[in-house]
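# Topology and contacts: notes
If you want the building blocks of each chain, they are given just below.
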Protein chains: 2
Amino acid sequence: MSIRNPKQKLYEQFAIVAKALGHPQRLELIEHLAQGPRSVEALAMKLGLPIANVSQHLQTLRRAGLLSAERNGKFVNYRLVDDSGLAAFASVRTVAERHLAEVDRIVRGYFEARDDMEPVTRQELATRMRDGLVTVIDVRPPDEFALGHVPGAINVPLGDLPARLAELGKDKEVVAYCRGPWCVMSFEAVAALRSHGYAARRLADGMPEWRAAGMAVEVAA
Amino acid sequence: MSIRNPKQKLYEQFAIVAKALGHPQRLELIEHLAQGPRSVEALAMKLGLPIANVSQHLQTLRRAGLLSAERNGKFVNYRLVDDSGLAAFASVRTVAERHLAEVDRIVRGYFEARDDMEPVTRQELATRMRDGLVTVIDVRPPDEFALGHVPGAINVPLGDLPARLAELGKDKEVVAYCRGPWCVMSFEAVAALRSHGYAARRLADGMPEWRAAGMAVEVAA
DNA sequence: CTGTCATTCAATGATTTTATTGAATGATGT
DNA sequence: ACATCATTCAATAAAATCATTGAATGACAG
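Analysis parameters
- Residues numbered from 1 in each chain as written.
- Chains lettered and ligands numbered in written order.
- Predicted model: local features only at pLDDT ≥ 70, side-chain atom pairs only at ≥ 80, totals over all residues.
- Heavy atoms only, no water.
- Pairing = 2+ DSSP bridges.
- Helix = DSSP H or I, 4+ residues; strand = E, 2+ residues; numbered from the N terminus.
- Contact = heavy atoms within 4.5 Å.
- Axes fitted to C-alpha atoms, helices over the stretch in contact; angles between N-to-C directions.
- Domains from an automatic or database assignment.
- Salt bridge = Lys/Arg side-chain N within 4 Å of Asp/Glu carboxyl O.
- Polar contact = N/O pair within 3.5 Å; in protein donor to acceptor, adjacent residues only side chain to side chain.
- Nonpolar A, V, L, I, M, F, W, Y, C, P; charged D, E, K, R; others polar.
- Buried area = accessible area lost by both parts, 1.4 Å probe.

Residues and elements named next belong to chain A. Strand order in the open sheet formed by four strands is β5-β4-β6-β7, and the pairing between neighbours is parallel. At either margin of the open sheet sits one strand with a lone partner, and together these are β5 (154-155) and β7 (200-202). Across five bridges, the pairing between strand β4 (residues 134-138) and strand β6 (residues 173-177) is parallel. Across the sheet, the residue bridging to Val136 is Val175, located in β6. In this fold helix α7 (residues 122-130) packs onto β4, β6 and β7, with an angle of close to 125° to the strand it touches most, β4. On the sheet, helix α9 (residues 184-195) packs against β4, β6 and β7 and is oriented at approximately 170° with respect to β7.

Written out as structure tokens, the structure is:
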């Protein structure tokens, strides 16, 4: 029986939060919930995991104060309680990006092979959209697009891109975005567009960051 | 053998960082290293833990990119590689402070009993110091004070405070600070000073945050 | 070279976390 | 009431993390 002083008790609580972030699939759950509220089943489908497993992860995140759950009929909808969880995720990501050699290796090996250009910043995109210089495509699945997207963006899920190239004029630069800074879909989209002769770039991060930065968001009717 | 796509590999790396933050004593190590570089033995002494145990925790933090180690003769000095680790700690703390009921309980039960006043912000302190309105005391141990302190602050380790009350005039407000936002020493100092009739408040956070905010820092000769 | 000291390594058991399975719960619709 | 469906709970085994111990390493002093 160890005597724990108040500082140690506080640090145990902080550790609960960090521990909740310390599992790759829980981070992925956060990424998906950052697009909008979701039921357990919907999340399990997106991640390709058993429902009971996802349910347990969600409860771990809820106990850490990252999520709230609301019952809606038969379904339980989970959502991020606020931006602080996403901010914690982002700061953890920053540490890894700056100091882990393995991250560098993965980025060089996969991501830079698809898009080695500087991404577009939010501000830059907002300006170029206002001036009518770019076509913005949202490459996420339609359900995520419906929950909120960059005003004026066209929803072209990655799988549909080859069939819908004709919709995108070559006179304007195409800017693609999806769920976040390392969402593979926007990298794949940019690579595909370039190979077809389009001028294409990525947005530096995704929808949740756009929303968190206070930019206007359009929601499906 | 699971096939892991590049996103999952990245998330595993992010999880390594979060996992490293997911242990109360590793968080405490970060707090101490935020005061300045330290040897393994010195940290073990401060935390009251076996050296081998501390060594292992430090290596976990190093593998997560949070610390760097430099050999200096017989000693190995660990240090925070940059502010990003402290920022991650801070954002995890924010989640816990906002959403964990247990944190609220601990703060109410212990900390607010010692100091229920609004703490002084850095900017406010800088202004009031310039105008000569406050006496600033640094209640950390002398070795930490020596590695950097608020210019003009007096080092009064908490244990010495009762014997050194006479040094502090009652005409000026006394502001106490120590290692960080929930460092118990500054709470105890404020409580002790108030009980002796002094006007006393805490700085909202500690030395590492002062330094990270770009404020001037004085180092012992 | 030898002894000492700070640190790391390696091995161990104890504890915690994780994934899986199937049963229990709670709400809905017939 | 009954069947159905989404979710949670409970139990289990596998895996990871943790603290502890004592031996190995690497640097210095004599």
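Right, let's get into the domain arrangement of chain A. All names here are of chain A. Assigned domains of chain A: these are domain 1 (6-85) and domain 2 (104-212). Centre-to-centre, using C-alpha coordinates, domain 1 lies 27 Å away from domain 2. At the junction of domain 1 with domain 2, the criterion picks out three salt bridges. In this structure, the salt-bridge partner of Asp143 is Lys46, at a minimum N-O distance of 2.8 Å. Across the domain 1-domain 2 interface, the total number found is five residue pairs in polar contact (both at pLDDT 80 or more). Across the side of domain 1 that touches domain 2, the residue classes tally to two nonpolar, three polar and four charged.

All right, on to the sheet that holds strand β1 (residues 38-39) of chain B then. Residues and elements named next belong to chain B. Spatially, three strands are ordered β1-β3-β2 in an open sheet, and the strand pairing comes out antiparallel. Among the strands making up the open sheet, the edge pair consists of β1 and β2 (67-72). Alignment of β2 against strand β3 (residues 75-80), held across six bridges, turns out to be antiparallel. Within the sheet, the bridge partner assigned to Asn72 lies in β3 and is Phe75. Lying on the sheet, helix α4 (residues 51-63) is in contact with β2 and β3; it crosses β2 at an angle near 120°.

In this assembly, 48 residues from chain B lie in contact with 48 residues from chain A. In total, about 4300 Å² of surface goes out of reach between chain B and chain A, with carbon and sulfur atoms giving 74% of it. It is Lys7, Tyr11 and Phe14 of chain B in chain B that bury the most area against chain A; as a group they hold 16% of the surface buried on that side. Counting across the interface, chain B meets chain A through six salt bridges. Between Lys7 of chain A and Glu28 of chain B there is a salt bridge whose closest N-O contact spans 4.0 Å. Across the contact surface, chain B and chain A share nine residue pairs in polar contact (both at pLDDT 80 or more). Elements with a contribution of two residues or more to the side of chain B that touches chain A: α1 (6-21), α2 (24-33), α5 (84-99) and α6 (101-114) of chain B.

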